[in-house]
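The residues making up each chain are set out below.
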Amino acid sequence: SSGINAEYGGLTFSAIQRLKFTWSLVTSEMKNELNQLKDVVSVSNRFKNMKAEIKRCDPPCVPYVGVYLADLISIEEGVQNLNSNGLINFAKMRMLAHTILEIRLYQQTHFEVEVIAEVIKHILVNCSNALSEDKIFERSYSLEPRSARPMSTESSTSSA
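## Quick notes on the pattern of salt bridges
A side chain of one charge can pair with a side chain of the opposite charge when the charged atoms of the two come close.
In step 1: Counted by the stated rule, this structure contains six salt bridges.
In step 2: Between Glu53 and Arg56 there is a salt bridge whose closest N-O contact spans 3.4 Å. Note that Glu53 and Arg56 are positioned in helix 5 (residues 44–56) at a spacing of three residues, about one turn of the helix.
In step 3: The exposure class assigned to Arg56 is exposed, which follows from its relative accessible area of 65%.
In step 4: The closest approach of N and O atoms between Glu76 and Lys92, which form a salt bridge, is 3.5 Å. Taken together, the residues Glu76 in helix 6 (residues 65–78) and Lys92 in helix 7 (residues 90–108) connect sequence positions 16 residues apart.
In step 5: Residues joined by salt bridges that share partners form a network here, namely Arg46, Lys51 and Asp71.

Shown next, in the form of structure tokens:
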């Protein structure tokens, strides 16, 4: 699910979103898939949809740690350490323990990953060429200058 957040973040980055002509070429089916992805990564109800997707996955899986951090912060800030009798609030401690145990479940699951030298080399070479935000915007503006307007399908077919 960390990968899902990265993919969605990349596709919704403002330098990408501004590419109106390019987005006009994306099929409605793909746009629907992006909307479904948006629902999964939504922070509403403390990542409710993301949690449901994580629970549907059989380990190994790398869950988005933000889900668990949000839960831990919510428990820590929203639940008193002591109960109304001035005793340790064990309900809070159980909630914290449950969240931490869930994290540990994913940490303890063994990944069977085959090391492929060509793939590692490809990743290392391409990651070292990652563009800065400024370079991404430059590329975005070179592809579609601010003055560019998306063409409707009618105008492009009638001019042919």
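We are not done yet, so read on.
## A closer look at the state of the cysteines
In step 1: Summed over all chains, the structure comprises zero disulfides.
In step 2: Cysteine Cys61 remains unbridged, with the sulfur of Cys57 as its closest cysteine sulfur at 4.6 Å.
In step 3: Residue classification places Cys61 among the buried residues on the basis of a relative accessible area of 10%.

## So, the packing of helix 6 against helix 7
In step 1: It is at 10 Å that the axes of helix 6 and helix 7 come closest, and there the two elements cross at 165 degrees. With respect to helix 7, the element helix 6 is oriented roughly antiparallel. Read as a crossing pair, helix 6 and helix 7 show a hand that is left-handed. In contact with Tyr68, Asp71, Leu72, Ile75 and Glu76 of helix 6, helix 7 contributes Lys92, Met95, Leu96, Thr99, Ile100, Glu102, Ile103 and Tyr106.

## Remarks on the nonpolar core
In step 1: Core analysis: the biggest nonpolar cluster contains 14 residues, and Tyr8, Leu34, Met50, Ile54, Val67, Tyr68 and Tyr106 have the highest contact counts within it.
In step 2: The element that contributes the greatest number of residues to this core is helix 4 (residues 28–41), accounting for four residues.

## Comments concerning the layout of surface pockets
In step 1: Computed from the structure, the largest pocket encloses a volume of approximately 190 Å³.
In step 2: Around the largest pocket, the lining residues are Glu7, Leu11, Ile16, Thr22, Trp23, Val26, Met30, Lys31, Glu33, Leu34 and Leu37.
In step 3: Mapped by element, the contributors of at least two residues to the lining of the largest pocket are helix 1 (2–11), helix 3 (20–24) and helix 4.
In step 4: Ranked by residues supplied to the lining of the largest pocket, first place goes to helix 4 with five residues.
In step 5: When grouped by side-chain class, the residues that make up the lining of the largest pocket number seven nonpolar, one polar and three charged.

## Re the confidence of the model for the protein
In step 1: Here the protein averages 87 in pLDDT, while 91% of its residues score no lower than 70.
In step 2: Within the protein, helix 10 (residues 153–158) has the poorest average pLDDT of any element, 46, and helix 2 (residues 14–17) the best, 94.

## A look at the packing of aromatic side chains
In step 1: Per the counting criterion, the structure on display carries three aromatic pairs.
In step 2: Relative to Tyr64, the ring of Phe47 has its centre 5.7 Å away and its plane inclined at 65 degrees; by these criteria the two rings are edge-to-face. In this pair, Phe47 is assigned in helix 5 and Tyr64 in the loop between helix 5 and helix 6, connecting sequence segments 17 residues apart.
In step 3: A relative accessible area of 9% places Phe47 in the buried class.
In step 4: Three or more aromatic residues joined by ring pairs form one cluster here, namely Phe13, Phe137 and Tyr141.

About the criteria used
- Residues numbered from 1 in each chain as written.
- Predicted model: local features only at pLDDT ≥ 70, side-chain atom pairs only at ≥ 80, totals over all residues.
- Heavy atoms only, no water.
- Salt bridge = Lys/Arg side-chain N within 4 Å of Asp/Glu carboxyl O.
- Helix = DSSP H or I, 4+ residues; strand = E, 2+ residues; numbered from the N terminus.
- Buried < 20%, exposed > 50% of the residue type's maximum accessible area, 1.4 Å probe, protein only.
- Disulfide = S-S within 2.5 Å.
- Axes fitted to C-alpha atoms, helices over the stretch in contact; angles between N-to-C directions.
- Parallel < 35°, antiparallel > 145°, perpendicular 65-115°, else oblique.
- Left-handed = near helix turned anticlockwise from the far one by under 90°.
- Contact = heavy atoms within 4.5 Å.
- Core = buried A, V, L, I, M, F, W, Y, C linked by side-chain atoms within 4.5 Å.
- 1 Å grid on protein atoms, 1.4 Å probe; cavity = no way out; pocket = protein on both sides within 12 Å on 5 of 7 lines; lining within 4 Å.
- Points joined across faces, edges and corners; volume = space filled by probe spheres on them.
- Nonpolar A, V, L, I, M, F, W, Y, C, P; charged D, E, K, R; others polar.
- pLDDT = per-residue confidence, 0-100.
- Phe/Tyr/Trp six-rings, centres within 6.5 Å; stacked < 30°, edge-to-face > 60°.

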